[in-house]
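Overview (structure and organization)
The primary structure of each chain is shown beneath.
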Amino acid sequence: MDEIVKSGYSIYNKKAKQKTKVNILKDLYPPLPEKRFSIIYADPPWHYNGKLQYDRSATINGNKGWKKDIFISGAAFEYPTIKTCEMKTLDVCSIVEDDSLLFMWTTNPHLAQAIELGKAWGFDYKTVAFVWNKMNHNPGQYTLSYCELCLLFKRGKIPKPRGARNIKQLLNIPRTIHSSKPNEVADNIVKMFPTQKRIELFARRKRKKWVGWGLEAD
């Protein structure tokens, strides 16, 4: 058996498909609110095209005879992921003011797609708003991945009045559960724009001082 099966990818494929959650945006998500906002905060459920993470038990040397259960991880096991082409159809333009900002989380492999998504939603990419050092690395094909980016997009002009102007870009905060972002980022955005109407897209829970939209927002 060991001579035929080279890795856990080939023997775990069926179970991986069973664990994967598939989502069609219009089928599961509620309608967008009939209001307009100046500050948009989004953590899109990026789709990884079936990319999975395995540990050493997924190799012959680490799992002689394939007797151990193989550890496998993937974003689609935790929540329904959505392809970028589908997220582009979300009518964000209908809920934003002429002068508004979009703060969008992206994983490093989705950087180009995130900029495309922001443009599809009616915004121009401007800069990186926050760099989150998760203080715990993920395995990667090139370098060990420690950081995640929150990009900043603008539509029209910067909303006024402004709040705090001394918010730091870098956050050194240990990661917790899968895909959860530091509360400090949303709190810092409120400090920067304390009087504006704010909405969190793809929200995973209720958040004070924000309107939440998503599968778990309520």
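Scope of this entry: the structure provided in the associated data block. (Residues numbered from 1 in each chain as written. Predicted model: local features only at pLDDT ≥ 70, side-chain atom pairs only at ≥ 80, totals over all residues. Heavy atoms only, no water.)

Here we come to the packing of aromatic side chains. This structure, assessed with the given rule, holds seven aromatic pairs. On the basis of an interplanar angle of 35 degrees and a centroid distance of 6.4 Å, the ring pair of Phe103 and Phe130 is categorised as tilted. With Phe103 in strand 4 (residues 96-106) and Phe130 in strand 5 (residues 124-138), this residue pair connects regions lying 27 residues apart in the sequence. Summarising the burial analysis for this pair, Phe103 and Phe130 share the class buried. Geometrically, the ring pair formed by Tyr125 and Phe153 is edge-to-face, given 5.7 Å between the ring centres and 70 degrees between the ring planes. Here Tyr125, found in strand 5, pairs with Phe153, found in strand 6 (residues 145-155); they are 28 residues apart in sequence, far enough to count as distant. Here Tyr125 falls in the partly exposed class, since its relative accessible area comes to 33%. (Phe/Tyr/Trp six-rings, centres within 6.5 Å; stacked < 30°, edge-to-face > 60°. Helix = DSSP H or I, 4+ residues; strand = E, 2+ residues; numbered from the N terminus. Buried < 20%, exposed > 50% of the residue type's maximum accessible area, 1.4 Å probe, protein only.)

Attention now goes to the pairing of strand 4. For strand 4, the tally of buried residues reaches eight of 11 residues, placing the bulk of the element in the interior. The pairing of strand 1 (residues 37-42) with strand 4 spans five bridges and is classified as parallel. For Tyr41, the partnering residue across the bridge sits in strand 4 and is Phe103. Relative to strand 6, strand 4 runs antiparallel, the two being bridged by seven bridges. Each residue of the ladder has a partner; that of Ser100, found in strand 6, is Arg155. (Pairing = 2+ DSSP bridges.)

Before going further, it helps to spend a moment on the sheet that holds strand 7 (residues 170-172). Spatially, 7-5-6-4-1-8-9 is the arrangement adopted by the seven strands of the open sheet, whose pairing is mixed. Every interior strand has two partners, whereas the edge strands, strand 7 and strand 9 (211-213), have only one. Strand-to-strand twist across the sheet, computed as the mean angle between neighbouring axes with direction ignored, equals 20 degrees. (Axes fitted to C-alpha atoms, helices over the stretch in contact; angles between N-to-C directions.)

Take unusual backbone geometry next. Following Lys160, the chain continues to Pro161 via a peptide bond in cis, the omega torsion being 5 degrees. Relative to the helices and strands, Pro161 is located in the loop between strand 6 and strand 7. You will see that Met135, though not glycine, has its phi angle at about 60 degrees, which is positive. Structurally, Met135 is set in strand 5. By relative accessible area, which is 47% here, Met135 ends up partly exposed. Positive phi, normally seen in glycine, also occurs at Phe202, with a value near 60 degrees. Within the fold, Phe202 resides in the loop between strand 8 (198-201) and strand 9.

Next up on the list: the nonpolar core. Formed by 27 residues in total, the largest nonpolar core has its most connected members in Trp121, Leu201 and Phe202. Within the residue set of this core, elements represented by two or more residues are strand 1, strand 4, helix 5 (111-120), strand 6 and strand 8. Setting aside chain neighbours within four positions, we find Phe202 in contact with Leu25, Tyr29, Asp43, Pro44, Pro45, Ile82, Met87, Leu90, Trp121, Trp213 and Gly214. Grouped together as the second largest cluster of nonpolar side chains are 19 residues, Tyr41, Phe103, Ala186 and Met192 included. (Core = buried A, V, L, I, M, F, W, Y, C linked by side-chain atoms within 4.5 Å. Contact = heavy atoms within 4.5 Å.)

Within the secondary structure, Cys147 sits in strand 6. A C-alpha to C-alpha distance of 8.2 Å links Cys147 and His137, two positions 10 residues apart in sequence. Once residues within four sequence positions are removed from consideration, Cys147 is found in contact with Asn108, Val131, Trp132, Asn133 and Lys134.

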